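An overview of the molecular structure
Chain by chain, the residues run as shown.
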Amino acid sequence: MLVGNAKFDAFLGRIADVLKEADGDESQVIERGREILSDLVAVDDWLPPAFSEAHPEHFKQYMLHKEPRFTVLCVVWGPGQSAIPHDHTVWGLIGQLRGAERTRNYEDPVPGQPLKLRSEEVLRPGETSVVAPSVGDVHDVENAIDGVSISIHVYGGDLSSLADRRHRYDAKSGEAIPFITSYY
Ligand code: FE
């Protein structure tokens, strides 16, 4: 147990139950998983300090849970930190635990054309967002406050093993950039 508290363990159990009950129905996983993640990030009283340290130069990812069916990451953003547009290739749920993050969601990229903005949102504590090939998989993220922001991410796979099929994108040219994932 990386996190080792009852609240997080209960969350993992609820996600595992949903995956089992949904039996491959991704829309059900997203809908019910989002409710469960909302509950987890509604009260900021469970994340151990070891997983809440920002890196001085770039956003930092901490793996909180990993199993074949899903992974849970904690992403910590220092002031001014951001991530360029990227895809995920599996469903992903994002729950804001602390601070605020601005996310721009883009239409599916067309090679050689600038990315087209689909929607923009600022996530605040307790709020959730979704990425998935079925609902829109490309977004960028930036810390929206002059302090540390933290979000909890649940993915239907291990992103570190998907690096060779994921992409980052230049927003202006639409050009795909090979993805390199590391957990810093
Ligand atoms: Fe993302």
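Preceding block: the structure.
Calculation criteria
Residues numbered from 1 in each chain as written. Predicted model: local features only at pLDDT ≥ 70, side-chain atom pairs only at ≥ 80, totals over all residues. Heavy atoms only, no water. Core = buried A, V, L, I, M, F, W, Y, C linked by side-chain atoms within 4.5 Å. Buried < 20%, exposed > 50% of the residue type's maximum accessible area, 1.4 Å probe, protein only. Helix = DSSP H or I, 4+ residues; strand = E, 2+ residues; numbered from the N terminus. Contact = heavy atoms within 4.5 Å. Donors = N, O, S within 2.8 Å, 3.2 Å for Na, K, Ca; no water. Pairing = 2+ DSSP bridges. Axes fitted to C-alpha atoms, helices over the stretch in contact; angles between N-to-C directions. Expected span 1.5 Å × (residues − 1). Arc of directions from axis to C-beta. Salt bridge = Lys/Arg side-chain N within 4 Å of Asp/Glu carboxyl O.

**Considering the nonpolar core**
In this structure, F8, F11, W46, L64, V72 and I152 are the most contacted members of the largest nonpolar core, which totals 32 residues. If you list the elements that add at least two residues to this core, you get α1 (6-22), α2 (26-42), β1 (60-66), β2 (71-77), β4 (92-98) and β9 (149-155). Considering every element that reaches this core, the biggest residue donor is α1, with eight residues. Setting aside residues up to four positions removed in sequence, I152 forms contacts with L37, L40, V41, W46, L64, V72, L73, C74, L93, I94, G95 and L97. If you look at the next biggest cluster of nonpolar residues, it comprises six residues, including L73, Y155, L159 and L162.

**Observations concerning the coordination of the iron ion**
All of the protein donors around the iron ion are H86 (NE2), H88 (NE2) and H139 (NE2); their distances to the metal are 2.1 to 2.2 Å. When the donor residues of the iron ion are listed from N- to C-terminus, their spacing reads H-x1-H-x50-H. Remark: H139 occurs in strand β8 (residues 138-143) and H88 occurs in the loop between β3 (82-86) and β4; sequence separation between them is 51 residues. For the pair H88 and H139, one class covers both residues: buried.

**Quick word on the sheet that holds β4**
With respect to topology, five strands assemble into an open sheet ordered β1-β2-β9-β4-β7, the strand pairing being antiparallel. Where the open sheet ends on each side, the last strands, each with one partner, are β1 and β7 (128-131). Within this sheet the neighbouring strands show an average axis-to-axis angle of 20°, counted without direction. For β4 and β9, the ladder comprises six bridges, and the chain directions are antiparallel. Following the sheet pairing, G95 is matched in β9 by I152. Helix-sheet contacts for α2 involve β4, β7 and β9, and the interaxial angle to β4 is about 15°.

**Focus on α1**
Helix length check: α1 (17 residues) gives 24 Å between terminal C-alpha atoms against 24 Å at 1.5 Å per residue, within 8%. Taken together, the buried positions of α1 are occupied by F8, F11, L12, I15, A16, V18, L19 and A22. All buried residues of α1 project into a common sector of 160° when viewed along the axis, lining one side. Seen from the open side of α1, the exposed residues pointing more than 90 degrees away from its buried face are A6, K20 and E21. Residues of α1 that are buried in the fold lie against α2, β1, β2 and β9. At the C-terminal side of α1, D23 shows a positive phi close to 50°.

**Things to note about the pattern of salt bridges**
Here the structure, examined in full by the defined rule, presents 10 salt bridges. With a closest N to O distance of 2.8 Å, D44 and R98 form a salt bridge. Here R98 lies in strand β4 and D44 lies in the loop between α2 and β1, a separation of 54 residues in the sequence. By relative accessible area, R98 is classed as partly exposed at 28%. Through salt bridges with shared partners, a single ionic network connects R102, R104, E120, D140 and E142.

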